[in-house]
Amino acid sequence: MDLTAAPLFRQLFNDIYNLVKKKASLARKLRNLNVDSVFIKAHNVEQVKTIWQVDKEVNLHEFYYPTKILVNTRKILVSGLETFPENAKIVLQGTAGQGKSILLRYLTSSELKKAKSFPLFIELRKISDKKDLKTLIMDGLNELGLSADAEELELILATNKFVLILDAFDEIQERHVSDVVTQLESWCAKYHNLRIIISSRPNSEAQKISYMKVFNIAQLETSDFENLLSKFFAGSETKVNEVLKAIHSSDTQVSSVLKTPLLLTLLVIIYKSYNQIPQNLAEFYSKLFEILCFRHDSTKPGFNREFATELTESELSKLFDAFCFFCMKSHKNSLDRELAISLIGEAKKLTNFNDVKTDYFLKDITRVTCLMVEEGFEYHFIHKSIREFHSAHFMKEHGTEALRQSFYSHAIEHSSNYLQELSFLSSIDEFNYKKLFLIPYIKNLFDSIFFNPSTNTLDADVSKVLDLIYLNIVGNTFEESEKNDNENENENDYIIAIKTPDAKFGKDYIFRFFDGLAGFIFKAIDGINEKYKVLELIFENSATSEKEVRERIAENENIYIESTFLLRNLNLESNFRNKVESKLSEIGLILQEAEDFVAKTEENFSSISFLD
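Residues numbered from 1 in each chain as written. Predicted model: local features only at pLDDT ≥ 70, side-chain atom pairs only at ≥ 80, totals over all residues. Heavy atoms only, no water.

With that out of the way, let us pick up the overall build of the chain. For the chain, the count of helices and strands is 25 helices and 14 strands. Residues classed as buried in the chain amount to 52% of the 612 residues present. Counted over contacts in the chain with a minimum sequence separation of 6, partners at least 24 positions apart contribute 72%. When the accessible surface of the chain is totalled, it reaches about 28,700 Å², and 47% of it is carbon and sulfur. (Helix = DSSP H or I, 4+ residues; strand = E, 2+ residues; numbered from the N terminus. Buried < 20%, exposed > 50% of the residue type's maximum accessible area, 1.4 Å probe, protein only. Contact = heavy atoms within 4.5 Å. Areas by Shrake-Rupley, 256 points an atom, 1.4 Å probe, with all protein chains shown as cover.)

Put into structure tokens, the structure is as follows:
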């Protein structure tokens, strides 16, 4: 451990002591605190297990590759917390495998060395019925050696010497999200200079918090591959060049979608074993399980590891698929031992592996495949996408027709809970995905907004479409549209959302589509101040938060009349209708392609007979 920064760290805590010394109990705790011990313990944030080296912890600085974020149209290198404003309240948004957690750990480690403030790294997945956000933070302080009660925590946050670094907002159980949002909003309002950095996948509630500014993590580019591969193959330029050559010479679809560190890492793991590039993302994950089952024994000729469960590799894979399926159904990525045992029991029953001992299954998954990690009395997947692929794989390979029908019907109304699973299923279960999900999904969209795909026209007054915009997304649009206008330049983002849904369905399933359309209204109005004048016009006085906007909408039954009045006054009604119809007609092409695919597939199979 490098203690070079320890003197700066001691000075930081001396400054904190001076700020809180009027509170005798907290001042006493700080005065008696072993600051060097805190410094050493806090640096444990650097030690992680990775999918590249699953059997032991490694220091993140050995493999960390600098992350970039998108600011308007520019890519900015994240060198540390100094990249952001001093009172920053930020959501770092990224898809599966973009390295969100590693980035937050890097920011924590970097700030500890600079000792300008004290970063508290908190894993939000640990929030439970017994542990809210405040308790989780107090537990984190206690583990470092500083015990603090709720009142003392508020004093600590008020010093502006602490930074809350909150990892994986999207992994909070749904029933706890509202409480976490309320707590964060309270702290943001109370402590203007308190820095809060949150990581999340897209479309979580964190992005809707009015105080938060959202930045997207930039995707990897081809120019990043060599430097990142050099981290994997330190000192082996030959190996780096070999993998690069294989990637660039491959004609598979995988090569074109290497946009995250996770995908590139998986590619290298698989290439090392098979000496070829997988054809698609689904093949990535299916081959990964086999590789991880035997990678430790690959250098021992003639030796095949016997699993503790005494299952074959394919049997263990099937049981793991079923276990992941029940984890998905329960919306769990982390499980305490009691829940793990319960879900394994359901998986054994479903796959007829009732004789398999639960502890042996856990041993195989955590110590052989290492796809799950045991920490204390909890188990969690090394990456959320592992669970997502294997649950999708279970439905494709082992699910009954009734199960698939039930899942896809449920997903139409709750697709935000199954985004990655649906993405995998669109590849490995294309027929059922299109027939049972995509086609009814788009038809529901069209029915809800009175769109006739035969004529590519709206069969309703524009006012009803506007009603849907405000009822579903207004609270987010006014907060986010300015950012999204700059950060999402791709005019076809809505098409991607339809092909691989990443929006909430059910009561607000048209959110993503109308987010762009609502932005169209505001593009005709200059400046953010004018946007809030629009709010005043509609609600009589300005709105201060998403919650307030939604409350006012609920009270205003004639919102669509006022919306239409607004459009007419801006001479936008005709243009708006054209915009809606143009976008929906493009989605109609996706619907037609899916219907043609299903019809052709059914026709091909209907021609097969055994009666000849």
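Further notes follow.
The next subject is the packing of aromatic side chains. Within a pair of aromatic rings, the relevant descriptors are the distance that separates the centres and the angle that separates the planes. Evaluated as defined, the whole model comprises 20 aromatic pairs. An aromatic cluster of three or more residues is present, and its members are Phe-407, Tyr-408, Tyr-418, Tyr-433, Phe-437 and Tyr-441. Between the NZ or CZ atom of Lys-434 and the centre of the ring of Phe-597, over which it lies, the distance is 4.5 Å. (Phe/Tyr/Trp six-rings, centres within 6.5 Å; stacked < 30°, edge-to-face > 60°. Lys NZ or Arg CZ within 6 Å of the ring centre and 35° of its normal.)

Glancing now at the sheet that holds strand E6 (residues 118–123). In spatial order, the strands read E4-E3-E9-E5-E8-E7-E6; together these seven strands make up an open sheet with mixed pairing. Only two strands of the sheet have a single neighbouring strand rather than two, namely strand E4 (74–77) and E6. Averaged over neighbouring strand pairs, the angle between their axes works out to 30 degrees when direction is ignored. One ladder, built from four bridges, connects strand E7 (residues 162–167) with strand E8 (residues 195–200); its direction is parallel. Looking at E8, one finds that Val-163 is bridged to Arg-195. Relative to the sheet, helix H5 (residues 133–144) contacts E6 and E7, its axis offset from that of E6 by approximately 120 degrees. (Pairing = 2+ DSSP bridges. Axes fitted to C-alpha atoms, helices over the stretch in contact; angles between N-to-C directions.)

What follows deals with the pairing of strand E11 (residues 372–375). The pairing of E11 with strand E12 (residues 378–381) spans four bridges and is classified as antiparallel. The partner of Glu-375 across the bridge, within E12, is Glu-378. In this structure, the hairpin formed by E11 and E12 is closed by a connection of two residues, where Gly-376 is found at a positive phi of approximately 65 degrees.

Bringing the side chain of Thr-265 into the picture now. Structurally, the position occupied by Thr-265 is in helix H10 (residues 261–274). Overall, the relative accessible area of 8% leaves Thr-265 in the buried class. A polar contact of 2.7 Å, which involves the side chain of Thr-265, links it to the backbone oxygen of Pro-261. (Polar contact = N/O pair within 3.5 Å; in protein donor to acceptor, adjacent residues only side chain to side chain.)

Across the sheet, which stays open at both edges, the three strands sit in the order E10-E12-E11 with antiparallel pairing between neighbours. The open sheet terminates on both sides in strands that have one partner only, identified here as strand E10 (334–336) and E11. The mean angle between the axes of side-by-side strands here comes to 20 degrees, regardless of whether they run parallel or antiparallel.

This model, assessed by the stated rule, comprises 26 salt bridges. In this structure, Glu-242 and Lys-239 form a salt bridge, with 3.7 Å as the shortest nitrogen-oxygen distance. Linking Glu-242 with Lys-239, this pair stays in helix H9 (residues 237–249), spanning three residues, or about one helical turn. Overlapping salt bridges bring together Arg-105, Glu-123, Arg-125, Lys-126 and Glu-378 as one network. (Salt bridge = Lys/Arg side-chain N within 4 Å of Asp/Glu carboxyl O.)

Quick look at the state of the cysteines now. Applying the stated criterion across every chain, the model contains zero disulfides. Cys-327 provides the cysteine sulfur closest to Cys-324, a residue in no disulfide bond, and the two sulfurs are 6.0 Å apart. Classification of Cys-324 as buried rests on a relative accessible area of 0%. (Disulfide = S-S within 2.5 Å.)

Attention now moves to the packing of helix H17 (residues 419–428) against helix H18 (residues 430–448). For any two helices packed against each other, one specifies the inter-axial angle together with the distance between the axes. Contact pair H17 / H18: the axes reach a minimum separation of 5 Å and the direction vectors enclose 120 degrees. In terms of orientation, H17 and H18 fall into the oblique class. Contacts from Leu-422, Leu-425, Ser-426, Ser-427 and Ile-428 of H17 reach H18 at Glu-430, Tyr-433 and Phe-437. Its residues assigned to classes, the contact of H17 with H18 shows five nonpolar, two polar and one charged. (Parallel < 35°, antiparallel > 145°, perpendicular 65-115°, else oblique. Nonpolar A, V, L, I, M, F, W, Y, C, P; charged D, E, K, R; others polar.)

With that out of the way, let us pick up the environment of Leu-141. For Leu-141, the position within the fold is in helix H5. Judged by relative accessible area, which is 1%, Leu-141 ranks as buried. If near-sequence neighbours (up to four positions away) are discounted, Leu-141 is found in contact with Leu-120, Leu-146, Ala-148, Leu-153, Ile-156 and Phe-162.

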